[in-house]
Structures are given as C-alpha cells and as structure tokens.
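Here are the chains, one letter per residue:
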Amino acid sequence: MALMTEQAGSYYRHSGRFPTGGLVVAIAGGGAVGAFLALIYAYFDALDPFIYFNMMASVILGAASGWFTGLLLARQRVRNNLIAAFAGGLVGLIALYVAWAAWPDAVLGDRSGMNMKFLHLLTSPAALLQSVGWINKNGAWRIGYSVQTGFVLWVAWVGEAVIVIGFSMYVARIFVRDRVFCEACQHWCEKEKNVLEAHGWGTEELSSRLEAKDFDYLATLGPRTRNDVEWIRLDLDRCKNCGETTTLTAKRVDLTREKGRELPQPIIKDLLLSPSEVERLRSYNFDTSQSRSA
C-alpha cells in the first residue's frame, strides 16, 4: 500500500517523477518522427491551394507529433503532466522548424535569388530568419488576385505555430495525464471498462456515495436496463502485477444529450480503492446482458 501514502487525498495523482534519460529518448524519438512528418507537411502546404486543407494539415502534424511523443513518454515511465506538455511542445517546435526549413525551397525554388535550399536553412537559423523576412516582404502566395505580405502573413504564421506546437503539447500531455501508474511495481495500470453499468443519473448523490465507499448504494440503483437512455458506467484502472493500485472512474452516459452516441461524461475520476474495496465493488457486478433484455 505504499502508493496510498504517496498520493494526496483519496484521488490518484501522478507522482511527478520521470527518468531524465527516458525524457531525452522521448524527445529525440518524437522529434525524429515530427521532422519526417514536417517534410511531408511542407511540400503538401506548398502544393495545396486550399487554406482549409492547410489548416487541417497543421492540426494533423501537431497531433501526430504529440501522439508519438506521448507514446514514448509512457513507455519511458514519465508520470509528470508538465514535463509531458514540455516534451510535446519541444517536439512541435522541432517539427515546425523543419517544416519552415523545407517550405521556402518548395514554394519559391530559385526565384528569390537567395539560397533557400532545405539543408542550408536547416543548419543555419540566421539564414532561415532572413528567408522568412524576405518572404514576408515579397509574398509567396495569393488570395484571389492579391499577394499576401506583411501583417497578414505574420498572423497566418503565428496561427500555424500555435496549432502545431499547441496540439503537440496537448496530445502528449493527455497521453500521460489519463493513465494511472503503480509506483509499487513501476508499471502502468490497465483499463477495465464497463465493470458495472447501473441504472440512474443522480450524479451528486452518486459521487458522494462513491467517495465514502458506500457501494451498497449501487444495489439500490440496480442494473442498466434495455430502455435506459441515461445510466452510470464504472471503469477501473488496475495494476495487473501487484493488484495494490486501483482507481475507480464513474461516468454518466446520456444518449438524449449526445443524440444517440455514447459519449460518457466523468462524474468522478481516479478514486483510489484498496484491494478489499475492489472486491466489494465487484460483488455488485450485475448481469447486464439479462437486464438489457428485461
């Protein structure tokens, strides 16, 4: 039960620990993948005339870079949300830099009279800044019959940077944030979804009862039935190695609000349970297959 004493309160929080070497591996690996995707993005951006597709490509570049970085952060056992966001942001910045080093040559080639070759700009930040200034003054693309320069280009570029770096930070962070780590045996917990589906929708009452570990309240709710359009879903995150670390997440499913789609809304998230409390909760494991056909 070492983890219980390390966590503040009754809810799980990351310990904040991270191996320095693992962080470096995650940034290096995420940066390499982000750089490769950035090359594809730069040439797509140069060839595609539709601004909406370019915006979507920026989102994909940032999200994909953040996803791979988050995957590596989890593999390296990083359990610090701030560090995960930092790593994702740094990888997003690397991807943006590589995209900017490739984009001028893809768009202008030799027309500028300057050396805008990819490797030259990649290895010379000063040359890259000079090329950005030249493009901002002379323009590189047009909307209608107007060549865009100056303030309009700065706004577009800042927006692109915010999208790429922001999405990379966000995705990398949630990849770590939404998982539970067992400090006792140094493993991530595994998710067990739909451990229990109960009839009901009283979120305030349910949250207070679950926080008090009053699982008898679940018996009064009964199982979800076939005609329910609102119900309560309970999920667990549990360490399969030692069984000492388990958290409970309760969600409300409302088909009427989500227009028939199951998009659960959290009621409580990552409530710490002891092994005996887990067994007590499982004793209310209704036969939902029978209750839905009732």
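See above for the structure.
Residue numbers run consecutively from 1 along every chain, following the written order of its sequence. Reporting of local features is limited, given that this is a predicted model, to residues whose pLDDT is at least 70; pairs of side-chain atoms are given and counted only at 80 or more, and all residues count toward the totals for whole chains, interfaces and linings. Hydrogens and water molecules were not included; the side-chain quantities draw on all heavy atoms of the structure.

Regarding the nonpolar core
Argument step 1. Grouping buried Ala, Val, Leu, Ile, Met, Phe, Trp, Tyr and Cys residues that are joined through side-chain atoms within 4.5 Å yields what is termed a nonpolar core. Exposed residues in this analysis have more than 50% of their type's maximum accessible area, buried residues have under 20%, and partly exposed residues fall in between, with area computed by a 1.4 Å probe over protein chains only. Ala38, Leu61, Trp100, Trp103, Leu121, Ile135 and Trp157 are the most contacted members of the largest nonpolar core, which totals 25 residues.
Argument step 2. Elements with a minimum of two residues in this core: helix H2 (20–47), helix H3 (51–75), helix H4 (81–108), helix H6 (125–138) and helix H7 (150–177).
Argument step 3. Note on conventions: DSSP H or I runs of at least 4 residues are helices, E runs of at least 2 residues are strands, and numbering of each starts at the N terminus. Here the element with the most residues in this core is H4; it accounts for 10 residues.

A short note on the sheet that holds strand S8 (residues 265–273)
Argument step 1. Criterion used throughout: strands pair if DSSP finds at least two bridges between them. Pairing in this open sheet of four strands is antiparallel, and the strands run S5-S6-S7-S8 from one edge to the other. Each edge of the sheet is formed by a strand with only one pairing partner; in this case those strands are strand S5 (190–199) and S8. Strand after strand, the sheet turns through a mean of 20° between neighbouring axes, direction not considered.
Argument step 2. A contact between two residues is defined here by any heavy atoms of the two lying within 4.5 Å. Throughout, an axis means a line fitted to C-alpha atoms (over the contacting stretch in the case of helices), and angles, computed between N-to-C directions, take values from 0 to 180 degrees. Strand contacts of helix H10 (residues 275–282): S5, strand S6 (230–238), strand S7 (246–254) and S8, with the helix running at about 145° to S6, the strand carrying the most contacts.

Quick notes on a nonpolar patch on the surface
Argument step 1. Residues Phe44, Phe50, Ile51, Tyr52, Phe53 and Met55 make up a contiguous nonpolar surface patch of roughly 680 Å² in combined accessible area.
Argument step 2. Per-element accounting of the nonpolar patch gives the leading share, four residues, to H3.
Argument step 3. Mapped onto the fold, tyrosine 52 is located in helix H3.
Argument step 4. The class for tyrosine 52 is exposed, based on a relative accessible area of 64%. Here a patch means residues that are over 30% exposed by relative accessible area and free of salt bridges, tied together within 9 Å if like-charged and within 5 Å if nonpolar (Val, Leu, Ile, Met, Phe, Trp, Tyr). Here the Shrake-Rupley method, with its probe set to 1.4 Å, supplies the accessible areas, and only the displayed protein chains count as covering residues. When a carboxyl oxygen of Asp or Glu is within 4 Å of a side-chain nitrogen of Lys or Arg, the pair counts as a salt bridge.

Quick word on the side chain of histidine 14
Argument step 1. Residue placement: histidine 14 occurs in the loop between helix H1 (2–6) and H2.
Argument step 2. Side chain to side chain, histidine 14 and tyrosine 12 meet in a polar contact 2.7 Å long.
Argument step 3. Nitrogen and oxygen atoms within 3.5 Å of one another constitute a polar contact, given that in protein one can donate a hydrogen and the other can accept it, and given that sequence-neighbouring residues count only through two side-chain atoms. A polar side-chain atom of histidine 14 sits 2.8 Å from the main-chain carbonyl oxygen of valine 176.

A few points about the packing of aromatic side chains
Argument step 1. Two rings belonging to Phe, Tyr or Trp (six-membered ring only in the last case) form a pair when the distance between their centres is within 6.5 Å. Interplanar angles under 30 degrees mark stacking, angles over 60 mark edge-to-face geometry, and anything in between is tilted. One pass over the full model with this rule turns up five aromatic pairs.
Argument step 2. Aromatic side chains tryptophan 100 and tryptophan 157 sit 4.8 Å apart centroid to centroid with 90° between the ring planes, which places their arrangement in the edge-to-face category. Here tryptophan 157 lies in helix H7 and tryptophan 100 lies in helix H4, a separation of 57 residues in the sequence.
Argument step 3. Classification of tryptophan 157 by relative accessible area gives buried; the value is 9%.
Argument step 4. Taking 5.3 Å as the distance between ring centres and 90° as the angle between the ring planes, the aromatic pair formed by tryptophan 154 and tryptophan 157 counts as edge-to-face.

On their own, these measurements won't tell you what the molecule is for.
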